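Residue-level listing of the chains:
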Amino acid sequence: MMEKKIAIDSLNMNYGSFRAIEDVTLDILSRHITALIGPSGCGKSTLIRCLNRMNDLIDGVRVEGRVLLDGDNIYEPTYDAITLRRRVGMVFQRPNPFPKSIYENVAYGPKLTGMRGKDELDYIVEESLKKAALWDEVKTNLRESGLNLSGGQQQRLCIARVIAVQPEVILFDEPCSAIDPVATQLIEDLMAELKKNYTIVIVTHNMQQAARISDYTAFMLVERQGEPGRMIEYGDTNAMFTNPKDERTERYITGRFG
Amino acid sequence: MSKKESNGKLRQIFSASRSEFLVRIPLFLCAFLAFFSVLLIFLFILKESIPAISCLGLRNLFFSTTWRPNVSNPRAGSYGMLAFLSGTLMTTFFAMIIGAPLGIGTAIFIDQVAPPKIREITRRGIELLAGIPSVIIGWFGLTLLVPFLAHITGSSGYGIAPASLVLAIMVLPTITTLGTEGLKAVPAELKEASVAMGATRWQTIYKIIIPAAKESLIVSTILGMGRAIGETMAVQMVIGNARQLAFSPLERTSTLTSRIVTDMGEATSVFRSALYAQALALLILAMCLILLVRFVTRSREVTT
Amino acid sequence: MDERKSDRLATLVFWIFGALTILVLGFIVVQILVRGIATAFKPSFFLGKPEAIKAGGGVLPMIISTLYLVALTMVISLPLSVGAAVYLSEFAKDGLIVKFIRFSLDSLATLPSIVFGLFGMTLFCIYLRWGYCLIAGALTLSILNLPVFLRSTEEALKLVPITYREASMSLGASRWTTTRKVVIPSAMPGIITATILPIGRIMGESAAIIYTTGLFIRNIPLSPVDTAAPLAGYIWYAQSEAMVPDYKSVVDGGAALLLVMVLVVFLLARYLGKRFQNKSHAGK
């Protein structure tokens, strides 16, 4: 009944000689929202960046273990990172629209795969902006620079930009940490809507947010400075927040550290 | 002053504002020296070129290709610099055709493509290349490029072609260093966003990185041009130093800079003044480039 | 797929660009060294006096001239550029005058060195009647290198944390006392490191000095007002105007020697730069 979209299997990640995360095993279910929580520096952002191989960009990163997307290990040498990233989209901490028009921002992804037809692009741009709940606000000024939008609008533009590539999974790396509460509310509503069609993983430092929107929650922690981040507990969000199994999880959600 | 200060804090505070004023002036003069030097250089070059301008007229001086100096009776010679101005522009043009893509390509290689070790080696290499004296590059050109060109083309080997090649090597560090700085200034988030959407490296480079760094890449090219226009010794060694307008890359000719160096030793009177007029032309060309850079960057602060 | 092919092609092209640049550099360095190193380190060459018409001359006076010129230029440039940088970064308020100064620095950085050479010759050698001499060359080079030195100094000053300044000023020290006792001392290693690299440039400069310091001498210059012949200028002179029959080997040897000197400076700057970097990291 519950379909596994991504299976993380005994994953270690090292920056040079420093081990950032160790032995993480976690299943991410299709069309649900999975939240990664934990104090800053616990490796939750590092972990989410392993899921679309964004860490490939950083020199000296070494990954051990497996990450299976629909059963295929994305760290297999023959696995194509470009295709992977088109299937697993990402929204970043700070809104990062390209210094291009709103239209060009959204059309960027489809154009990468060689889509050139104007009607086709117009359609995708409109659909993506609608799905990102931004269309009504920008439909009259699609040619304006994406940088002229407010922070919350920029973040929704970034979401529209990801949707336009038609991914299966969308990763959110602390998407609301740089925007105001009203805009945050809009994005949370949007995620609830998006999970009907997409598998969502969100990193958040905000426990209330994790509790509000996610179906499953994973808690990560660095126990002593210099040690790698490890997964402490993973399970149904409601269960974890009402009745955590691990004492460390409990201390974190009740605000006693982090 | 330091003795005074040890005499107690009260005294120190008391003397602070006066000593502050006293050091401000010499410090200001140090900084003002830059402005003063430029002014002085301009005035001296202008003053020394006035005899040529008044004796020959702007037209004969700047817009004639006849350069026939008369050493025994300088006033009887012709001193049109157009052929050398053309030499300067032609060598610069060809040097940029080779040097700009190579320089910007190397900058992109350093910033976006090379693995860390190779990046470091390339960067140090560029730094070293910038420090190789122009007489050495000129000697390299004279003893290797010129015979090589003579061999494959059957010409003398001297001329615009070897000069442009030598210049291409010399503008490379300028363009690459400034270009790399510009590329480095592109926010990492933009690159991340593009890569995360499944863009290949090349797509990210030409759709995101290059447009975002366009301004600095243009500026680096303009400053590279400045280097090419002003380079003297290396060009003088390979261009052939003929007093004629060149129509093909393999004809001997001169640039403004190489002509000054070649003739300065024996020039007197109007002849000499005409050489200063060429320096004036160089100065004006350089100023045009600076204004061009200012125009490209407009509000942004750029110090070279 | 198409975009993957163009990606691979582009990557290949960029590797070729990078390789080409390094190959050109390597080729020049190896060529110059291979041809000249044997001559360069023959004692009769680097310890000998040059000949005007016979073969077998050396370049000792030229080496001394180069070193003398470097030392003089540094002695003039360092205080000037530290003063100017201190003024610009610690005292000046952004205004029209600073804009003028910045514009002038940009101009100095862009003007061809031969223009500086002509200017130096006209002002120092002719108007002031000094004739060709070391000090005229050093002054010319100081003006020529002002933007480079100033920029390095300014960057070193910028690296001094603002908290140092605040701490000192909050103790009642004036701005100048703060600058003199706190800012300059902590920036000094950075300033020294950053000003080593331009020494290589002073050594290699020829266009600005051939008409200010002189081109040919037989005796070692002793005083700053003596005529000199720095190696870079002499190399040019030897290949274009000298009448010695063995000018080719003189130039080969001179070029190799000059290149070795530049390389030593370059490596020294790298070494000091690294040490300074480690130190400032450890300090944090």
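Below, the structure is looked at part by part. Every value quoted in this text rests on a predicted model; they were computed, and no experiment measured them. (Residues numbered from 1 in each chain as written. Chains lettered and ligands numbered in written order. Predicted model: local features only at pLDDT ≥ 70, side-chain atom pairs only at ≥ 80, totals over all residues. Heavy atoms only, no water.)

**A word on the environment of B:Arg201**
Among the secondary structure elements, B:Arg201 is positioned in helix α8 (residues 201-230). Relative accessible area serves as the criterion here: at 34%, B:Arg201 is assigned to the partly exposed category. Spatially, the C-alpha atom of B:Arg201 lies 41 Å from that of B:Leu282, the residues being 81 residues apart in sequence. For B:Arg201, the contacting residues outside a window of four places in its chain are B:Gln112, B:Val113, C:Asp7 and C:Thr11. (Helix = DSSP H or I, 4+ residues; strand = E, 2+ residues; numbered from the N terminus. Buried < 20%, exposed > 50% of the residue type's maximum accessible area, 1.4 Å probe, protein only. Contact = heavy atoms within 4.5 Å.)

**Topic: the interface of chain B and chain C**
Each partner contributes to the interface: chain B provides 88 residues, whereas chain C provides 86 residues. When chain B packs against chain C, close to 7900 Å² is buried across both sides, 75% of that on carbon and sulfur atoms. Across the contact surface, chain B and chain C share two salt bridges. Residue B:Arg294 pairs with C:Asp106 through a salt bridge whose shortest N-O separation is 2.6 Å. Among the elements that make up the side of chain B that touches chain C, the one with the highest residue count is helix α2 (residues 9-62) of chain B (23 residues). Of the residues that constitute the side of chain B that touches chain C, the class distribution is 56 nonpolar, 18 polar and 14 charged. (Buried area = accessible area lost by both parts, 1.4 Å probe. Salt bridge = Lys/Arg side-chain N within 4 Å of Asp/Glu carboxyl O. Nonpolar A, V, L, I, M, F, W, Y, C, P; charged D, E, K, R; others polar.)

**Section: the sheet that holds strand β9 (residues 216-221) of chain A**
All names here are of chain A. In spatial order, the strands read β6-β7-β8-β3-β9-β10; together these six strands make up an open sheet with mixed pairing. Every interior strand has two partners, whereas the edge strands, β6 (88-91) and β10 (230-236), have only one. On average, each strand axis in the sheet is inclined to that of its neighbour by 15 degrees, with strand direction left out of account. One ladder, built from four bridges, connects strand β3 (residues 33-37) with β9; its direction is parallel. Across the sheet, Ile-37 pairs through a bridge with Phe-219, a residue of β9. Packed onto the sheet, helix α6 (residues 151-163) meets β6 and β7 (169-173) and runs at close to 170 degrees relative to β6. (Pairing = 2+ DSSP bridges. Axes fitted to C-alpha atoms, helices over the stretch in contact; angles between N-to-C directions.)

**Things to note about the packing of aromatic side chains**
Enumeration over the complete set of coordinates arrives at 25 aromatic pairs over all chains. Taking the centre distance of 5.4 Å and the plane angle of 25 degrees together, the rings of B:Phe28 and B:Phe32 count as stacked. Of the two residues, B:Phe28 and B:Phe32 are both situated in helix α2; the distance of four residues between them amounts to about one turn of the helix. Plain terms: the ring middles of B:Phe109 and C:Trp15 are 5.0 Å apart, the flat faces sit at 75 degrees to each other, and that makes the pair edge-to-face. With B:Phe109 in helix α3 (residues 82-113) and C:Trp15 in helix α1 (residues 2-40), the pair connects residues from two separate chains. Overall, the relative accessible area of 34% leaves C:Trp15 in the partly exposed class. Put simply, the rings of B:Phe28, B:Phe32, B:Phe35, C:Tyr87 and C:Phe100 touch in pairs and so form one group of aromatic residues. Note that B:Arg259 overlies the ring of B:Phe84, its terminal NZ or CZ placed 5.2 Å from the centroid. Across the ring face of C:Phe91, the terminal group of C:Arg175 is positioned such that the distance to the ring centre comes to 5.6 Å. (Phe/Tyr/Trp six-rings, centres within 6.5 Å; stacked < 30°, edge-to-face > 60°. Lys NZ or Arg CZ within 6 Å of the ring centre and 35° of its normal.)

**Section: the layout of surface pockets**
By volume, the second largest pocket amounts to about 1000 Å³. Along the wall of the second largest pocket there are 39 residues; nearest its centre are A:Asp56, A:Leu57, B:Gln112, B:Lys191 and B:Arg201. Of all the elements in the fold, those that place two or more residues in the lining of the second largest pocket are α2 (81-87) of chain A, α3, α4 (116-131), α6 (160-184), α7 (188-196) and α8 of chain B together with α1 of chain C. Taken together, the residues that form the lining of the second largest pocket break down as 19 nonpolar, four polar and 16 charged. (1 Å grid on protein atoms, 1.4 Å probe; cavity = no way out; pocket = protein on both sides within 12 Å on 5 of 7 lines; lining within 4 Å. Points joined across faces, edges and corners; volume = space filled by probe spheres on them.)

**Regarding α6(A)**
Residue and element names in this part refer to chain A. For α6, built from 13 residues, the straight-helix expectation of 18 Å at 1.5 Å per residue is met to within 8% by its first-to-last C-alpha distance of 18 Å. Most of α6 is tucked away, with twelve of its 13 residues classed as buried. Listing the buried residues of α6 in full gives Gly-152, Gln-153, Gln-154, Gln-155, Arg-156, Leu-157, Cys-158, Ile-159, Ala-160, Arg-161, Val-162 and Ile-163. (Expected span 1.5 Å × (residues − 1).)

**Considering the pattern of salt bridges**
Pairing is possible between side chains of opposite charge, provided their charged atoms come close. Residues and elements named next belong to chain A. Throughout the structure, instances matching the rule amount to 45 salt bridges over all chains. We note a salt bridge from Arg-19 to Glu-64, for which the minimum N-O separation is 3.0 Å. A residue pair is termed long-range when its members are at least 10 positions apart, and Arg-19 in strand β2 (residues 18-29) and Glu-64 in strand β4 (residues 61-69) qualify at 45 residues. In this structure Arg-19 comes out as partly exposed when scored by relative accessible area, which is 24%.

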